[in-house]
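# Residue-level structure breakdown
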Amino acid sequence: MTQTQSTTLTQLAVTMFAVTDQDAARDFYTGVLGFEVRGDERFGADGTDRWLEVAPPGSSARLALNPPMGGSPGGGVVGVESTDVLAEHARLTVRGDVDLDPAPTRVPGAPLLFALRDPDGNTIWVVEEPAG
C-alpha cells in the first residue's frame, strides 16, 4: 500500500493471550471476571486445535485464549473499561484469590486504573471509562 491509499482495517476485534490450560483460563475469565464465552470451536486435523474467545458482556472486542505458539504462556497485556474501578477492585479483593494491585491509582493525565494478572501471568488493566 502506498501512503495515498486508505486502510481497509476497521476496528480492533480480537486480542490473544497464550494460556497453559484453555479450560482453566475460560473458568478464570468467566467465573472471576464475569466475561462471556463468545466462541469455542475445534479445528485442524481431527479437531485437535481449539479457538476459544471470551469477552465482557456487551463488548464487541474479544479475547482469544490460545495455547502458546512457539513460546511460553503469559506476558500479554490488555485493558478493559469499568464503570466503577473502585467497586471492581473491592469485588476482586474480597475474593482473595486474584493477583491484583493493592489499590487503584490515578496519575496526572491518566484515568483511574489497576492491574490484575491471570493464572498464566497475562495482565489485565481495569481502566475507568472516559467521561461522556
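Given the structure is predicted, the values throughout are model-derived calculations rather than measurements.

Before going further, it helps to examine the sheet that holds strand β5 (residues 77-82). A sheet is described by the order of its strands in space; here four strands give the open sequence β5-β8-β7-β6, paired in mixed fashion. Only two strands of the sheet have a single neighbouring strand rather than two, namely β5 and β6 (99-100). Bridging between β6 and strand β7 (residues 113-117) involves two bridges; their strand directions are antiparallel. Pairing of D99 across the sheet is with R117, part of β7. Its contacts with the sheet put helix α2 (residues 85-95) on β5, β6, β7 and β8 (123-128), and the angle it makes with β7 is roughly 30°.

Let us look at α2. Within α2, burial applies to V85, H89 and L92. The buried residues of α2 occupy an angular sector of 70° when projected down its axis, which confines them to one face. Turned more than 90 degrees off the buried face of α2, the exposed positions are L86 and V94. Once α2 ends, the next one or two residues include G96, with phi positive near 80°.

A complete count under the given rule lists two aromatic pairs for this structure. A centroid spacing of 5.2 Å and a plane angle of 85° characterise the contact between F28 and Y29, whose relative ring orientation is edge-to-face. In this structure, F28 and Y29 share a single accessibility class: buried. Residue Y29 is classed as buried on the basis of its relative accessible area, which comes to 0%. Among the aromatic residues, those joined into a cluster by ring pairs are F28, Y29 and F35.

The rules behind each value
Residues numbered from 1 in each chain as written. Predicted model: local features only at pLDDT ≥ 70, side-chain atom pairs only at ≥ 80, totals over all residues. Heavy atoms only, no water. Pairing = 2+ DSSP bridges. Helix = DSSP H or I, 4+ residues; strand = E, 2+ residues; numbered from the N terminus. Contact = heavy atoms within 4.5 Å. Axes fitted to C-alpha atoms, helices over the stretch in contact; angles between N-to-C directions. Buried < 20%, exposed > 50% of the residue type's maximum accessible area, 1.4 Å probe, protein only. Arc of directions from axis to C-beta. Phe/Tyr/Trp six-rings, centres within 6.5 Å; stacked < 30°, edge-to-face > 60°.

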